[in-house]
Amino acid sequence: MTIMDEGIDYIKTLFRDNYGGHDADHSMRVYRNAIRIAGEEPGADLEIVSLAALLHDADDHKLFQTRNNANARTFLRNHFIAPEKVEKIITAINAVSFSQNRGRRPDTLEGKIVQDADRLDAIGAVGIARAFAFGGEHGRSLESSIGHFHEKLLLLKDEMNTESARRMAEERHAYMLGFLEEYAKEKEE
Ligand code: ADP
Ligand code: NI
């Protein structure tokens, strides 16, 4: 098995009790998005991008009580990733949520790509499904999830770090606008 196959197995085990918006499938989609973006961004280290994308939620505070990225670090160490590379992967992982919280952009190209890949998964048809899954899980009304589109999801297209992700976001953005229009129309019928 390659390290990526092992990583996929590891993620499936870690997220075995999660359903809806934050499960192993989310990590897999972010991983694939990240590879696609990296293919269009010269200079990105593909190994850092793939491992950071796959492991980006492995120590998410909402789901795991680990400290200092223990889940991601354990996996990387067990698979003989060199210490300097581990640090670069962890930096990219931490930049994904760090900048969301404090309005800062990731410093490294790899961090920018993984953040864009995570944001792509919050918009489009998948983004719509995840928003309502989140709402349901947190006891919120449909209207409250509709609010989330206006507060956050419709802004993501213009907040992408890379030009390639912004382009990939266009179609997903347009799909959300169409959905919101149809939703508003049906409500009035
Ligand atoms: P991640 O950690 O993968 O970036 P989040 O934990 O921030 O994602 O959110 C998980 C999913 O739930 C995302 O698709 C996001 O759009 C959605 N979500 C977050 N907050 C809300 C909310 N208040 N209402 C509806 N959906 C939400
Ligand atoms: Ni994520």
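Preceding this paragraph is the structure being described.
Source: prediction; values computed, not measured.

(A) Broad picture of the coordination of the nickel ion (ligand 2). Every protein donor of the nickel ion (ligand 2) is listed here as H26 (NE2), H56 (NE2), D57 (OD) and D118 (OD), and their distances to the metal cover 2.1 to 2.4 Å. One chain supplies every donor to the nickel ion (ligand 2), and in sequence these donors are spaced H-x29-H-D-x60-D. Within this pair, whereas H26 is found in helix α2 (residues 24–38), its partner H56 is found in the loop between α3 (46–54) and α4 (70–78), the two being separated by 30 residues in sequence. A single burial state applies to H26 and to H56, both of which are buried.

(B) Looking closely at the site of ligand 1. As a structural note, the neighbourhood of ligand 1 is formed by H22, H26, D57, D60, K62, D118, R130, A131, F134, R140, H148 and L153. A distance of 3.3 Å separates an oxygen atom of ligand 1 from a polar atom in the side chain of K62. With the chains in place, 86% of the 560 Å² that ligand 1 exposes on its own is no longer accessible. It is helix α7 (residues 124–137) that provides the largest number of residues to the shell around ligand 1, a total of three residues. In terms of residue class, the shell around ligand 1 is made up of three nonpolar, three polar and six charged.

(C) Quick peek at the pattern of salt bridges. This model, assessed by the stated rule, comprises 13 salt bridges. Put simply, K85 and E47 hold a salt bridge, and the shortest N to O gap is 2.8 Å. Note that K85 is positioned in helix α5 (residues 83–102) and E47 in helix α3, a separation of 38 residues in sequence. Note on E47: relative accessible area 33%, which makes it partly exposed. Among the ionic pairs, R104 bridges to D107, the shortest N-O distance being 2.9 Å. With a relative accessible area of 63%, D107 lands in the exposed category.

Conventions we followed
- Residues numbered from 1 in each chain as written.
- Chains lettered and ligands numbered in written order.
- Predicted model: local features only at pLDDT ≥ 70, side-chain atom pairs only at ≥ 80, totals over all residues.
- Heavy atoms only, no water.
- Donors = N, O, S within 2.8 Å, 3.2 Å for Na, K, Ca; no water.
- Helix = DSSP H or I, 4+ residues; strand = E, 2+ residues; numbered from the N terminus.
- Buried < 20%, exposed > 50% of the residue type's maximum accessible area, 1.4 Å probe, protein only.
- Near = heavy atom within 4 Å.
- Polar contact = N/O pair within 3.5 Å; in protein donor to acceptor, adjacent residues only side chain to side chain.
- Areas by Shrake-Rupley, 256 points an atom, 1.4 Å probe, with all protein chains shown as cover.
- Nonpolar A, V, L, I, M, F, W, Y, C, P; charged D, E, K, R; others polar.
- Salt bridge = Lys/Arg side-chain N within 4 Å of Asp/Glu carboxyl O.

Honestly, that's just the spatial picture; any functional story needs more than this.
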